[in-house]
Every structure is written in C-alpha cells, then in structure tokens.
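# Secondary and tertiary structure notes
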Amino acid sequence: MRLLNTSCGCDRGEMRGRTHMSGMLHFLFLLAAVLSCHGCPEKCLCVSQTVKCQNLGLDAIPQPLPANTKILFVTGNNISRISVDSFPTRLQLLTDLYLSGNDMESVDAMVFDNLPNLVRVDLSDNRIQNFSERAFPAENKVQHLDLSRSFHNHSFVDVVLSVLQSGNLLRLTVLDLSNNNMVILPDNLFTGLSNLVNLSLQNSSIISIQNGTLRAPPLLHLDLRDNSLRDLATSTLAEFSLKPALRIQLAGNPWRCDCFMDDMLLWLKNSTQVVDMQNLTCEDPEALRRQALLQVEQSQLKCSGDMKGVLETSYVFLGLVLALIGVIFLLVLYLNRKGIKRWIYNIRDACRDHMEGYHYRYELNSDPRLANLSINSDV
C-alpha cells in the first residue's frame, strides 16, 4: 500500500507539471498572437508579417499598418486614389503590395516614398487615368510591376507610358501590360527599362510594332498572343534575331497570308524563338483560312487578287474624277459662250487681215511692173 501511495503521488505531481507546462505554452501562444496583431487595422486579417484587407468596401488604405508588415493585400475595395497620405508611416520591411480590383483612377506623386524596399507592385484590374512620373522614388527596388486590365481607354495609355519612360524603374525585370487597349507601341517605350526580361502584351489590341520598340531591353520572354497583328515587319524580325535567347508567343493573331508574309514565313521556318509556332494560323485570304503558317508554301502567298481589286477601284475612281473635270469644263464653256464666240471672231479677223497682208505682198513680188512701181515710189 505504501508503494502504491508513493506511485500515485508521483503520478499526480507529474500531471500537475504537465498541466502547468501546457498552460504556459497556451499563454505564450496567445501572447504571440496578440503581438502579431498589434496595430492591425480594423476588419483586416494580420498573420505573421502579412496583412489582408480584401473585399471590405474600403475607400482608402487602412491605418495603422503594423511596422513589420512584409506583404500587404488591399484588393477588391473602392480606393479610387492613392497619394502620399496613403502610407504616412515608413514600412521598411514591405516588399509585396497588392492593390488590384479597386477601380483606382489616380496614382499620385511620392505615393511609394515610404515603401523603400518594394519589390512587387500589383495595380491590375483598375481604371487608371492619372499616374504620376514621380510615383516611385528615384532609388526604388521594384522588380515586378503588374498593370494588366488597368487602362480601358486608349486615350489614357500615354499616362503609363510616361511612367515607363521616366527612367525610375531601372531594376524592373517583369512587366505585365496585358489586357489593355494599347493599339500601337511607341518606338521608345521600353528604352529606360534596361533590366526588363519578361514582358506581357497579351490581348492588348496591338496592330503594329514600331521599328526600334523592342531593341533596348534584354528580353527573354515576350507574350504577344491574342492581339491584332496581321504580319511582322522585316525590321522587327531583325530585332528578334538579335536576341537569340528570346522566347516569343504569337498565337491568337489574325495573320494575313499574302505576299507581304514572305519574310515572316521564312523567319518562322528557320527560327526556334517562337514557342507556339505550331498554333499560328492564317486568317486571310479565305482559301488559306485556319491553315497553319508552317504548312503554307511561298508559292501560296499571293497578292494578285487583292491588287486586281485595288486596280479596279483605282480605275473607277480615276474615271469619276475625269468625268467630273469634263463636266466642269463644259459648264465653264457654256457660261462663257458669248465671250468665247467673240474671242474666236477676233482671232478669225486677225488671221484674215494677216493673210491679206501676205497675199498683197505676194502679188507685188509676182508682177514686175508693180515691183518697179513700188521701187520708184520708194525712191
């Protein structure tokens, strides 16, 4: 019995120790949770160094933000504008900022000045109309910028172009401009992006790439899918060839397989840069529609039908112009018929007098008597 009591006493002491240890661990866990949520904005979720304020109907960046925030999600709200007041305190550790889906219209100057270590900025799915060239500080570290679905009106595209051309994004390596109404890319758009290696222009309504547009950045991946490209200029193909490590996506464009496609077709068959070349198909002409570009022969690339139609149209237009000129000429003649008739009579009389003078001289020269008489009269 004494041994049994001793054993039971030991068990009870051990159980008390375990209970005490479990209580301490629970207390430390709660303390860590409280400390991690210290300064967390209302309704937001703060876990470790990540703050999530998603789909809360916010109209401004929530405050205060924890000083140790590394990743910040403020997505799916109604923040139409961000300014220098949006981040009033310095967040030294913040590297990833997600502001997509806010219907944002304005990005003001110096808005990111208190975020010196930003690496990734997501401004996708907004309606940006104003983007200050001074939004990013001169010594920023931004490497990834997502501006997809942010410019729904072509007239506002120049806003982002000025930001890209400002020269502040020297460390940018990844740029997403997909799903925007770009239409035509200016020839100096990416000149200041000396480290850009990944560029997405997918579904951006691009109809042409100007000479020199893609010459400067050391691109390794270029996405041009689902645009409105009909062909690629010889100068553009030459720029691609100068970057042998570049990989390009071109599927989903309405390629026009006519005589102007010669150079591009030859380039495709001798290059390994286009990763989806098997998916490139002709849109025009009707005879080659949906045919793979790699299966099109040079002899099939014709422009005779198109040129014939162009010439026919030109001839019709020329005939109409000449007919109009003829009608105008006849109208002028009709309105000035009396003056023209008088002018013709005057010319006729002048010609008749002139001819009579020649006829008189001829008679004098042909009759010797009249000739002597004329000489004597002169003497």
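This report concerns the structure included in the present document. Sequence order as written defines residue numbering, which begins from 1 separately in each chain. Side-chain atom pairs in this predicted model are given and counted only at pLDDT of 80 or more, local residue features only at pLDDT of at least 70, and totals for whole chains, interfaces and linings cover all residues. Remark: hydrogens and water are excluded; side-chain values derive from all non-hydrogen atoms of the structure.

### What to know about the packing of helix 3 (residues 234–241) against helix 4 (residues 262–269)
Cut-off, in case you're wondering: Structural elements are reduced to axes, namely lines fitted to C-alpha atoms, with helices fitted over the stretch in contact, and the angle between N-to-C directions of any two is expressed from 0 to 180 degrees. Runs of H or I in DSSP of at least four residues are treated as helices and runs of E of at least two as strands, each being numbered from the N terminus. In these notes the angle categories are as follows: under 35 degrees is roughly parallel, over 145 is roughly antiparallel, 65 to 115 is roughly perpendicular, and the rest is oblique. Handedness of each helix crossing follows the sense of rotation of the near helix against the far helix: counterclockwise by less than a right angle gives left-handed, clockwise gives right-handed. Contacts are assigned to residue pairs with any non-hydrogen atoms lying within 4.5 Å of each other.
Viewed as axis vectors pointing N to C, helix 3 and helix 4 meet at an angle of 20°, and their least axial separation amounts to 9 Å. Between helix 3 and helix 4, the crossing angle belongs to the class labelled roughly parallel. Crossing of helix 3 against helix 4: the hand is left-handed. Only Asp263, Met264 and Trp267 of helix 4 make contact with helix 3, whose side of the interface consists of Thr234, Leu237, Phe240 and Ser241.

### Remarks on the environment of Ser228
Heads up, the condition is: Buried means the residue's accessible area, taken with a 1.4 Å probe over protein chains only, is under 20% of the maximum for its type, while exposed means over 50%, and partly exposed covers the values in between.
Within the secondary structure, Ser228 is located in the loop between strand 14 (221–223) and helix 3. Overall, the relative accessible area of 31% leaves Ser228 in the partly exposed class. As a C-alpha pair, Ser228 and Asn203 span 25 residues in sequence and 8.4 Å in three-dimensional space.

### Side note on the state of the cysteines
Covalent bonding between the sulfur atoms of two cysteines is what defines a disulfide. Just so we agree on the cut-off: Pairs of cysteine sulfur atoms within 2.5 Å are what we label disulfides.
Applying the stated criterion across every chain, the model contains 3 disulfides. The disulfide partner of Cys44 is Cys53, and the gap between their sulfur atoms is 2.0 Å. Note on the Cys44 and Cys53 pair: the S-S dihedral is about 120°, so by sign convention the disulfide is right-handed. The exposure class assigned to Cys44 is buried, which follows from its relative accessible area of 13%. Linked covalently through their sulfurs, Cys257 and Cys282 form a disulfide whose S-S length is 1.9 Å. On the sign convention where negative means left-handed, the S-S torsion of about -90° between Cys257 and Cys282 marks this disulfide as left-handed. Taken together, the residues span a long stretch of sequence, with Cys257 in the loop between strand 16 (255–256) and helix 4 and Cys282 in strand 17 (residues 282–284) at a distance of 25 residues. Residue classification places Cys257 among the buried positions, given a relative accessible area of 1%. Judged by relative accessible area, which is 1%, Cys282 ranks as buried.

The values reported here are purely geometric and, on their own, carry no functional implication.
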